[in-house]
Every structure is written in structure tokens, then in C-alpha cells.
Amino acid sequence: MKGPRLTGIVAGLPAIVPFVGPETQERQRGRPFRARLGANENVFAPSPAAVEAMARAAREAWMYGDPECHDLRAAIAVQHGVAPENVLVGEGIDGILGLAVRLVVGPGDPVVTSLGGYPTLNYHVAGHGGRLVQVPYRDDREDPEALVAAAREHGARLVYLANPDNPMGTWHDAGTIERMIADLPEDVLFLLDEAYVEFAPRRAVPAIDTLDPRVLRLRTFSKAHGMAGARIGYALGATDVIAAFDRIRNHFGVSRIAQAGALAALGDRAYLDRVLQDVAASRDEIARIARQNGLTPVPSATNFVAIDCGGDGDFARRVLAGLTARDIFVRMPSVAPLDRCIRISCGRAGDLELLARALPEALAEVRAATGG
Ligand SMILES: *Cc1c(COP(=O)(O)O)cnc(C)c1O
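Here the structure is a predicted model, which means the values were calculated and not measured. Here, residues in each chain are numbered from 1, in the same order as that chain's written sequence. Local features in this predicted model are restricted to residues whose pLDDT is 70 or higher, and side-chain atom pairs enter the listing and the counts only when it is 80 or higher, whereas totals over whole chains, interfaces and linings include all residues. Only hydrogens and water are set aside; all other atoms, that is, all heavy atoms of the structure, feed into the side-chain values.

Asks: How do you make sense of the site of the ligand when you look at a structure like this?
Replies: For this purpose, a residue is taken to be near a molecule or strand whenever a single non-hydrogen atom of the residue falls within 4 Å of it. Around the ligand, a shell composed of 13 residues is seen, among which D193, Y196, T220, S222 and K223 lie nearest. Polar contacts, as counted here, are pairs of nitrogen or oxygen atoms within 3.5 Å of one another; within protein the pair requires one atom able to donate a hydrogen and one able to accept it, and residues that are adjacent in sequence qualify only if both atoms are side-chain atoms. A distance of 2.8 Å separates an oxygen atom of the ligand from a polar atom in the side chain of N166. Contact distances for the ligand include 2.6 Å between a nitrogen atom and a side-chain N or O atom of D193. Where accessible areas are quoted, they stem from the Shrake-Rupley method and a 1.4 Å probe; at the residue level, only the protein chains shown are allowed to cover. Burial of the ligand by the protein chains amounts to 95% of its free accessible area of 390 Å². Each residue is assigned to one of three groups, with Ala, Val, Leu, Ile, Met, Phe, Trp, Tyr, Cys and Pro labelled nonpolar, Asp, Glu, Lys and Arg labelled charged, and all others, Gly among them, labelled polar. In terms of residue class, the shell around the ligand is built from 5 nonpolar, 4 polar and 4 charged.

Asks: I would appreciate a short explanation of empty space enclosed by the protein in the present structure.
Replies: A probe as big as a water molecule, rolled over the atoms, marks out the empty space that is left. A cavity here means a set of 1 Å grid points, computed over protein atoms only, where a 1.4 Å probe fits but cannot escape. A pocket is an open set with protein on both sides within 12 Å along at least 5 of 7 lines, and lining residues have an atom within 4 Å of a point. Grid points are joined across faces, edges and corners, and a volume is the space filled by probe spheres set on the points. Scanning all chains against the criterion turns up 2 cavities of 30 Å³ or more. Its boundaries defined by the atoms lining it, the largest cavity holds a volume of some 50 Å³. Around the largest cavity sit P46, S47, A224, H225, A265, D268, Y271, L272 and V275, which together line it. The leading source of residues in the lining of the largest cavity is helix α11 (residues 269–292), at 3 residues. Taken together, the residues of the lining of the largest cavity break down into 6 nonpolar, 2 polar and 1 charged. Of the pockets and cavities examined, the second largest cavity occupies roughly 30 Å³. In this description a helix means any DSSP run of H or I spanning at least four residues, a strand means any run of E spanning at least two, and both kinds are numbered starting from the N terminus.

Asks: Quick question: what am I supposed to make of the state of the cysteines here?
Replies: A disulfide bridge is the covalent bond that connects two cysteines by way of their sulfur atoms. Cysteine sulfur atoms that come within 2.5 Å of each other are treated as a disulfide pair. Tallied over the full model, the rule gives 0 disulfides. In this structure C309 is not part of a disulfide, and its nearest cysteine sulfur, from C341, lies 6.9 Å away. Its relative accessible area of 5% is what places C309 among the buried residues. Burial status follows relative accessibility: with a 1.4 Å probe on protein chains alone, a residue under 20% of its type maximum counts as buried, one over 50% as exposed, and anything between as partly exposed.

Asks: Can you walk me through the sheet that holds strand β10 (residues 304–308) in this structure?
Replies: Pairing between the strands of a sheet is mediated by backbone hydrogen bonds and can be parallel or antiparallel. The criterion for strand pairing is that DSSP finds at least two bridges linking the strands in question. The sheet built from 3 strands is open, its strands ordered β9-β10-β12 with antiparallel pairing. Edge positions in the sheet fall to β9 (296–297) and β12 (341–345), since each of these pairs with one other strand and no more. Both β9 and β10 contribute to a ladder of 2 bridges, which runs antiparallel. From the neighbouring strand, P297 faces β10, where its bridge partner is I307. Any two residues having at least one pair of non-hydrogen atoms within 4.5 Å are treated as being in contact. The convention used is that axes are lines fitted to C-alpha atoms, helices contributing only their stretch in contact, and that angles between N-to-C directions extend from 0 to 180 degrees. α11 contacts β9, β10 and β12 of the sheet and is inclined by roughly 15° relative to β10.

Below you can see the structure in the form of C-alpha cells.
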């Protein structure tokens, strides 16, 4: 039997599994990690109010969620001073990235992003037959001017930038992003991924302008709100662009439980403030541990720290392997020169004690093996 015929686009894609999760690694290793510091999850967990709302919603889970996410959109709109018609709720930023690509990228259409930047967009672009144009980082930051130049040169349909950035944790100030937006071509969609915005200084956040149809601001409950497993995020944009998503989105894709949790999380500002403090303290501690081991932390405006291991990608990969062998789950950038770093998510005190013990051992092993 021949089986179903894949589309030409899908048949042409490499047969890879893009994200190997920590669960997969644990099954392969035959034992769990002791510290889970690799996926930029928020170990400080959701607000108790959100947990309670989700528990309540779990009992009502026989009902579909509200396909319009009415109450949540209204609350998000109030928080940002926009109209509910400017808000799209989706299955995390990752889900919204896929829809945005589907909205504006046809086979062969160019999409501009950063080489070594957040990779999920790239898989969506490949899946829809788009053509990726990847612009190198400059001084460990995404390069807004070069991204705009590439967008103009290639006639891009879509431009992507994360501010603050993942995997480096670096950021640009609002003025730089606003200048970038001013220089964008007229017919482009600019995805400004602000997954880490709550951790960033206020001067990194441009004013929200829902009159500009080119700009979509992407936010999530996965990071600061600690709800990565609930899969819920949102986009802020111009009314017509938000409405266009209604033609293609998965209308019941955001679960009733996630909607209830997100609404309660938004309402618990005091808890969020405490988490932000815990994350800041953890970030300082990761930086201290790095320096104590002769390594250089990259200044971060996120809930993780990229640590420059002082060698090449191979050296950093060995350090990462040493941490993995010591049951610490971390990740690292995929592309040179960023891959001289390992990326460590903020953890509780106990997580970082394990890190502080494992890192010097891993480094000693790698230095002995490489003579470095
Ligand atoms: C973690 C992360 C996301 C994922 O967000 P979800 O809402 O969980 O899909 C998106 N963008 C960046 C830059 C991230 O680091």
C-alpha cells in the first residue's frame, strides 16, 4: 500500500524532530533531571488564584471553552488600553506564530528573522513553503537595522524580532524598536515577540499602537505567569489584522481551563510582582555562579541567563553534556557565535545549589579533556 501522499512542501521537509523535550531526554537516560533549567519555564509556578480558577474550570471541562475568549480579551484590552477587537487569544505565542505565517506567507514568500533566534517561527515558515532570510546577530543582540534592510531587499511578507531576545536574553530600548517600525516596508507584517516583556525594564517596551496594521505584539502566559503547560498567549494588533485570524484560527483551540487560569493570573498583580523579584534574584545568582567559575554571564532582561563559556560551540556543548550527565537540564544556542554560550533558566535556590555544585565539576572535566 502506498499510503497518503504528502504535499510537495511537506514531502520536501527534513524528517527531524525539532524540539527534543526534557521528558524525552529523561526517558532516554532512564532517570529524571534533578533541576529543570532548560526551557525558560517559570519554576515559581502560576498564581494560586490561577491554580484555583483552573481547578474550578477543570470540573467544567465537559464544556468547550468560549471560542471568542470574551472575558479574557476584555481583561487584556483593559490592561493595555486597547479594544477587545485588538486582541487575539491563541494557543501560546507558538500557535499564533503558525497562524501569522499562514495568514501572510505563501510558497516561496520571504520571511526575515535572525540567524540563531527563536526557532519556532522557522518551522512554521518551512511548513508553509516560505523562504527564510536569516540575519546575523550583532554583539549578541538581534540587529533591527539589518532586519529592516533585509526585509526591503527581499520584499519580505513577514519580519520577526524578539525583544527581549531568546536565546541570548539581550534587549533593545523602545526607541530602537520604534525606529525599526518606522522604517518597515508598508506591506509587511512585523511580529514583535515579547514573551519576556514582563521581566524587561520599562524602557524596552514601545508604546502599543493598534493603528499600525504592520505590527503584532506577541505576549504569553507561559513565562512570567508560569503557565507554559496551559498553552495560552495573545497578540495585540490592528482590528483588521486581528479579524483576519478569525478566518483561519482553531476556534476551540484555547481550552476553557487555560482561559480561566489566564484571567485569574492577570488579576493577581501582587503575585506577579513577587515572581519578578524571585526571578531577578535568581538571575543574579546564576550570573554569580558563572563568574565564580571564570565564565561570563550575558546581561539578561529575561528569566534566563546565557553564559559565555569562553570557548567555541564544541566547548559549550561539552559543558552542557557535563551538566546533563549531572542531572541538570539546560539548553544552548544552535548557531555560532552564539553557541559559545549555554542558556540557564532561573530556578529556585535548591535548583541553583545543584547548578553551583555541578558546573565546576563539568568544567573541570571538559578543561581536562580539551586542555582548555
Ligand atoms: C518561550 C518563548 C515563546 C513561547 O511562547 P508560548 O506562548 O509558550 O508558545 C515564544 N517566543 C519566545 C521568544 C520564547 O522564548
